[in-house]
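Breakdown of the fold
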Amino acid sequence: MKINALNLTNFRNIASLELQPAEHVNIIYGDNAQGKTNLIEALWLLTGAKSFRGAKDAELLQFGSGFAKVSASFFKEGRDQTAEILFTAKKQAQLNEIALPSVTGLAGIFCAVVFSPSHLSLIQDGPSARRRFADTCICQISPKFIALMSDYNRTLLQRNSLLKDISYSSYLLDTLDVWDDRLACLSALIVKNRKQYIQRLAVHAGEIYSGISSKKETLQMRYLAAGGLTDDVPDGQYKEWFLQALGQARAEDLKTGCTSVGPHRDDIDFEINGMNVRSFGSQGQQRSSVLALKLAESRLIRELLHDEPVILLDDVMSELDKSRQDYLLNHLSENQVFITCCDKGYFDALQNGKAFHMVKGRLQNEEC
Ligand code: ATP
Ligand code: MG
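Here the structure is a predicted model, which means the values were calculated and not measured.

1. As for the overall build of the chain
In terms of regular secondary structure, the chain is built from nine helices and 15 strands. Its C-alpha radius of gyration of 23 Å places the chain within 12% of the 21 Å reference for a compact globule of 368 residues. Its C-alpha atoms put the chain at 70 × 50 × 40 Å along the principal axes. Counting all 368 residues of the chain, 52% fall into the buried class. For the chain, restricting intrachain contacts to residue pairs at least 6 apart in sequence, the fraction spanning at least 24 positions comes to 69%.

What follows is the structure in structure tokens.
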């Protein structure tokens, strides 16, 4: 898909803005606190997802304003389409001027991948950030996974509260087998989906990282299932494996009141040239790894959904050397890309695209 025009009204510090982007690379440059990330955030919200900054909807309305509006016209599936979100006390979305029951109705229609510095948490934080990343990606390509995850989380909560109840109502112990069976079944499906997705993502991420690093480094990633579920266990046997593991952990789980086995404990491992990126990677290597991951996600969307997502890169250039910056500016041209940065100098390396100058929430000038 390609965005033809973006219009914002009362969105954070942007009172009114109209942007007609280039088909390929668009650079939004400007000093700090001018509204560059706000623009990227507005674009991202059109995917129907929540703000990547973790912002509440009320925070998106310009101070003192009763509403905010984000709308875009875009070309997808051979025709021009429109998407709009109106933020008032509640959110209302429209697709092609028809009201949607919820903004999540835009998911999978307005397709984008976003990188912001907060996404470095994917490498730097604990495993839950990586699991969330994998789950969000899988949900984009397979909406059934949303229901699977919420079923799993509900079942896990119910098993945990049963574990606690058993300590003072021991007759409830008989009911634990039913929950174990359900949890093992859901765990097997989740791990199978996640492993398959990460395997496919790893191939693309490896290729992209090799390009970013001018073939000097190799990135490897793999799904780490907790509790010793090794790669030689065939996925057809996952349910039995989880049932057995839950059985073995039962005594301990009853003591702690917590389920110690399952996909809520899994992780994803990243290595550059065989070295763990979280523990030993430089800032540039960590940033490049997350970028490779995000760009790999966009390639998988293309492969599986046959769409080219818009790529949103907020403040990505700092900490990257010239050759890595050059890769981003000139090797992603199959997609429409929006890149924010403070320094207009990056524009010099751009071979094909537009640059926009953001000043106090206004796009001041435009150069091609
Ligand atoms: P940096 O280069 O530092 O990342 P930026 O250009 O990306 O800067 P933004 O994060 O887009 O800056 O924020 C720009 C400004 O928007 C900030 O000064 C902030 O105070 C302002 N702002 C945030 N929310 C609102 C709001 N709801 N209403 C009005 N202004 C807001
Ligand atoms: Mg910013």
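Still more to cover.
2. Side note on the site of ligand 1
Every one of the 16 residues lining ligand 1 counts as a neighbour, but Ala33, Lys36, Thr37, Asn38 and Arg53 are closest to it. Within the contact set of ligand 1, an oxygen atom lies 2.7 Å away from a backbone nitrogen or oxygen of Ala33. For ligand 1, whose free accessible area comes to 670 Å², the fraction covered by protein is 74%.

3. Details of the sheet that holds strand 11 (residues 275-276)
Spatially, the three strands line up as an open sheet ordered 9-10-11, and their pairing is antiparallel. Because the sheet does not close on itself, it has two edges, and the strands there are strand 9 (219-224) and strand 11. The pairing of strand 10 (residues 267-272) with strand 11 spans two bridges and is classified as antiparallel. Residue Glu271 lies in a different strand from strand 11, and its bridge partner there is Asn276.

4. Comments concerning the nonpolar core
Of all hydrophobic cores here, the largest spans 71 residues; its most connected members are Ile27, Leu201, Met221, Leu313 and Leu328. In terms of residue count, helix 5 (residues 176-212) provides more of this core than any other element does, 14 residues in total. For this core, the two domains that each supply at least three residues are domain 1 (1-111 + 309-368) and domain 2 (118-306). Non-local contacts of Ile27, meaning those with residues more than four positions away in its chain, are made with Leu329, Ile339, Cys341, Tyr346, Phe347, Leu350, Lys354, Ala355 and Phe356.

5. As for the environment of Leu295
Tracing the backbone shows Leu295 in helix 8 (residues 283-305). Since its relative accessible area comes to 3%, Leu295 is described here as buried. Between the C-alpha atoms of Leu295 and Phe74, which are 221 residues apart in sequence, the distance is 21 Å. If we ignore the near neighbours within four places in the chain, the residues touching Leu295 are Ile208, Ile311, Leu328 and Leu332.

6. Regarding the domain arrangement of the chain
Where the parts come together, the accessible area they lose is often given as the size of the interface. Here the domain parsing of the chain yields domain 1 (1-111 + 309-368) and domain 2 (118-306). Between the C-alpha centres of domain 1 and domain 2 there is a distance of 30 Å. Domain 1 puts 18 residues into the contact, and the matching count from domain 2 is 21 residues. Summing both partners gives a buried area of about 1,500 Å² for domain 1 against domain 2, and 57% of it is carried by carbon and sulfur.

7. A word on the packing of aromatic side chains
Applying the stated rule across the entire model yields two aromatic pairs. Relative to Phe110, the ring of Phe74 has its centre 5.2 Å away and its plane inclined at 80°; by these criteria the two rings are edge-to-face. Of this pair, Phe74 sits in strand 4 (residues 68-76) while Phe110 sits in the loop between strand 7 (98-99) and strand 8 (112-115), and the two are 36 residues apart along the sequence. Between Trp241 and Phe242, the ring centres sit 5.2 Å apart and the planes meet at 85°, which makes this aromatic pair edge-to-face. The same class applies to Trp241 as to Phe242, namely buried.

8. Some remarks on the sheet that holds strand 1 (residues 2-11)
Pairing between the strands of a sheet is mediated by backbone hydrogen bonds and can be parallel or antiparallel. Spatially, six strands are ordered 2-1-4-5-6-7 in an open sheet, and the strand pairing comes out antiparallel. Edge positions in the sheet fall to strand 2 (14-19) and strand 7, since each has one partner strand and no second.

9. Thoughts on the state of the cysteines
Summed over all chains, the structure comprises zero disulfides. In this model Cys111 remains outside any disulfide bridge; the closest cysteine sulfur is found in Cys137, 12 Å from its own.

10. Describing helix 6 (residues 238-256)
Three- or four-residue spacings in an α-helix give side chains the same orientation, since the helix completes a turn every 3.6 residues. The largest bend in helix 6 comes to about 55°, at Arg250. The complete set of buried residues in helix 6 reads Tyr238, Trp241, Phe242, Ala245, Leu246, Ala249, Arg250 and Asp253. Against the buried residues of helix 6 lie helix 4 (144-166) and helix 5. One or two positions beyond helix 6, positive phi appears at Gly257, with a value near 75°.

11. Observations concerning the pattern of salt bridges
With the rule as written, the count across this model stands at 23 salt bridges. Note that Arg159 is salt-bridged to Asp253, the shortest N-O span being 3.2 Å. Pair noted here: Arg159 is in helix 4 and Asp253 is in helix 6, with a separation of 94 residues, a long-range link. Both residues of the pair, Arg159 and Asp253, belong to the buried class. Here Arg250 makes a salt bridge to Asp177, at a shortest N to O gap of 2.7 Å. Remark: Asp177 occurs in helix 5 and Arg250 occurs in helix 6; sequence separation between them is 73 residues. One salt-bridge network, held together by shared partners, links Arg159, Asp177, Asp180, Arg250 and Asp253.

What counts as what
- Residues numbered from 1 in each chain as written.
- Chains lettered and ligands numbered in written order.
- Predicted model: local features only at pLDDT ≥ 70, side-chain atom pairs only at ≥ 80, totals over all residues.
- Heavy atoms only, no water.
- Helix = DSSP H or I, 4+ residues; strand = E, 2+ residues; numbered from the N terminus.
- Rg over C-alpha atoms; globule rule 2.2 N^0.38 Å.
- Buried < 20%, exposed > 50% of the residue type's maximum accessible area, 1.4 Å probe, protein only.
- Contact = heavy atoms within 4.5 Å.
- Near = heavy atom within 4 Å.
- Polar contact = N/O pair within 3.5 Å; in protein donor to acceptor, adjacent residues only side chain to side chain.
- Areas by Shrake-Rupley, 256 points an atom, 1.4 Å probe, with all protein chains shown as cover.
- Pairing = 2+ DSSP bridges.
- Core = buried A, V, L, I, M, F, W, Y, C linked by side-chain atoms within 4.5 Å.
- Domains from an automatic or database assignment.
- Buried area = accessible area lost by both parts, 1.4 Å probe.
- Phe/Tyr/Trp six-rings, centres within 6.5 Å; stacked < 30°, edge-to-face > 60°.
- Disulfide = S-S within 2.5 Å.
- Bend = angle between axes of the 7 residues up to and from the residue.
- Salt bridge = Lys/Arg side-chain N within 4 Å of Asp/Glu carboxyl O.

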